[in-house]
Amino acid sequence: MNAQGLTSVVYQISRIVGPALAGYAIAVASGMLGGSLRGAAVCFLINGITYPAMVTALLLMHPKPMAARERGSELRRKGGRGGLLAGVRYALQSPVVLGLFALMAVQGLFLYPYTTLLPIFAKDILKVGAQGLGWLNTAVGAGALVGALIVSNLGRGRRGRIMFYFSLLMTPALVAFGLSRSFPLSLGMLALVGAGIVVITTFASSTLLAVVPDELRGRVNSVGFMIYFGANYGSGLPAGFAAAWIGAGPTVAIAGLLFLFSMGFIRWRFPEVIAVE
């Protein structure tokens, strides 16, 4: 979990710097080219230009092949679908893994809709424009960096409980952000949300790595990522419909309350997850 936290620290630093620079670039480019859409296009262009650096870093990696294990070889002979089904079967037989999958699902469904609606908050609710949107994203990254530092320094013991306490902290923060009309208050609440998201995500991913056997780890992690990203991106559409019906603020606030109820269900149905040391 400590290594996962350190990895997250590097990622979160980019989340702090990137959105702030993007907001500034949009504002400057919009003034020079005339129109916010052209300013956003400049940001996408710069983002595309920087991709070769990432590709180069990947090409420079030369991982050593792992020694083949008997059961792992058997799973490889089954093909992609057989391996994925093996991961699903293992998850259904493990209360900890099943509970972690439930945790990933509710996080994606109820915590991430605010990211879809964040431009509405910046433009129509808080009225801070593109630069303000950049600072809102930076606040999430700053809070996430603090959460990553906390995780990277955690020793063994009561990690499941610490994760649960962070989830309780996030709910009022997300509800307060949804109802806030103050830009500084919104920044503070988003920082708390960012910290909680990183703690939960790192806890789930690191626990999966620890409890799943080596020969099944890739398959089980694939199922977990499918649930996490599927719920994450799949929540955008219902969040958009709800925002059009009752408004972006109430939608985010209700999502926060639903997340709290879901965490209560996980604590009741999967106590093994909360008991993880």
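Since we're looking at a predicted model, the values are computed, not measured. (Residues numbered from 1 in each chain as written. Predicted model: local features only at pLDDT ≥ 70, side-chain atom pairs only at ≥ 80, totals over all residues. Heavy atoms only, no water.)

1. Observations regarding the overall build of the chain
On a plain count of helices and strands, the chain comes out with twelve helices and zero strands. Secondary structure elements of the chain occur, N-terminal to C-terminal, as α-α-α-α-α-α-α-α-α-α-α-α. Classification of the 277 residues of the chain by burial places 43% in the buried group. Put simply, of all contacts in the chain between residues at least 6 apart along the chain, 82% involve residues at least 24 apart. Working note: accessible area of the chain is about 14700 Å², and carbon and sulfur atoms make up 69% of it. (Helix = DSSP H or I, 4+ residues; strand = E, 2+ residues; numbered from the N terminus. Buried < 20%, exposed > 50% of the residue type's maximum accessible area, 1.4 Å probe, protein only. Contact = heavy atoms within 4.5 Å. Areas by Shrake-Rupley, 256 points an atom, 1.4 Å probe, with all protein chains shown as cover.)

2. Some thoughts on the packing of helix 7 (residues 159–179) against helix 8 (residues 183–211)
Where helix 7 meets helix 8, the axes come as close as 8 Å, and the angle between the chain directions of the two elements is 150°. If you check the angle between helix 7 and helix 8, you find them roughly antiparallel. Read as a crossing pair, helix 7 and helix 8 show a hand that is left-handed. Two secondary-structure elements touch here, helix 7 through Arg159, Gly160, Met163, Phe166, Ser167, Leu169, Met170, Ala173, Leu174, Ala176 and Phe177 and helix 8 through Ser186, Met189, Leu190, Leu192, Val193, Ala195, Gly196, Ile197, Val199, Ile200 and Phe203. Residue classes in the contact of helix 7 with helix 8 are distributed as 17 nonpolar, four polar and one charged. (Axes fitted to C-alpha atoms, helices over the stretch in contact; angles between N-to-C directions. Parallel < 35°, antiparallel > 145°, perpendicular 65-115°, else oblique. Left-handed = near helix turned anticlockwise from the far one by under 90°. Nonpolar A, V, L, I, M, F, W, Y, C, P; charged D, E, K, R; others polar.)

3. Digging into the environment of Leu100
Among the secondary structure elements, Leu100 is positioned in helix 4 (residues 95–110). On the accessibility criterion, Leu100 (0% relative accessible area) is buried. Along the backbone, Leu100 and Ser205 are 105 residues apart, and their C-alpha atoms lie at a distance of 8.5 Å. The residues touching Leu100, leaving out its near neighbours within four places in the chain, are Phe203, Ala204, Thr207, Leu208 and Val273.

4. Structural notes on the packing of aromatic side chains
For the coordinates displayed, the defined rule picks out six aromatic pairs. Ring centres of Phe225 and Phe229 lie 6.0 Å apart, and the angle between their planes is 20°; on these two criteria the pair is classed as stacked. Placement of both Phe225 and Phe229 in helix 9 (residues 214–234) is noted, with a separation of four residues, approximately one turn of the helix. Note on Phe229 and Tyr233: the rings are 6.3 Å apart at their centroids and 15° apart in plane angle, and the pair reads as stacked. (Phe/Tyr/Trp six-rings, centres within 6.5 Å; stacked < 30°, edge-to-face > 60°.)

5. Some points on a nonpolar patch on the surface
Together, Tyr51, Met54, Val55, Leu58, Leu59 and Met61 give the surface a local cluster of nonpolar side chains, amounting to about 630 Å² of exposed area. Within the secondary structure, Leu59 is located in helix 2 (residues 36–59). (Patch = residues over 30% accessible without salt bridge, like charges linked within 9 Å, V, L, I, M, F, W, Y side chains within 5 Å. Salt bridge = Lys/Arg side-chain N within 4 Å of Asp/Glu carboxyl O.)

6. Remarks on the nonpolar core
One finds Leu103 and Tyr114 to be the most contacted residues of the largest nonpolar core, which totals 51 residues. No other element matches helix 8, which puts eight residues into this core. Not counting chain neighbours up to four residues away, the residues in contact with Leu103 comprise Met163, Ile200, Phe203, Ala204, Met263 and Ile266. (Core = buried A, V, L, I, M, F, W, Y, C linked by side-chain atoms within 4.5 Å.)

7. Brief notes about the packing of helix 4 against helix 8
Following both chains from N to C, one finds helix 4 and helix 8 inclined at 155°, their axes separated by 10 Å at the closest point. Overall, the two elements helix 4 and helix 8 adopt an arrangement that is roughly antiparallel. The handedness of the crossing between helix 4 and helix 8 comes out as left-handed. Residues Val96, Val97, Leu100, Phe101, Leu103, Met104 and Gln107 of helix 4 lie in contact with helix 8, whose contacting residues are Ile197, Ile200, Thr201, Phe203, Ala204, Thr207, Leu208 and Val211. Classifying every residue of the contact of helix 4 with helix 8 gives twelve nonpolar, three polar and no charged.

8. Section: the side chain of Ser235
Assignment of secondary structure puts Ser235 in the loop between helix 9 and helix 10 (236–246). For Ser235, the residues in contact, after removing those within four places along its chain, are Gly108, Leu109, Tyr112 and Pro113.

9. Observations concerning the environment of Ala248
With respect to the secondary-structure elements, Ala248 resides in helix 11 (residues 248–269). Overall, the relative accessible area of 7% leaves Ala248 in the buried class. Sequence-wise, Ala248 and Thr116 are 132 residues apart; in three dimensions their C-alpha atoms are separated by 9.7 Å. Discounting chain neighbours no more than four positions away, the residues touching Ala248 are Leu117, Ile120, Phe121, Ile125 and Ala243.

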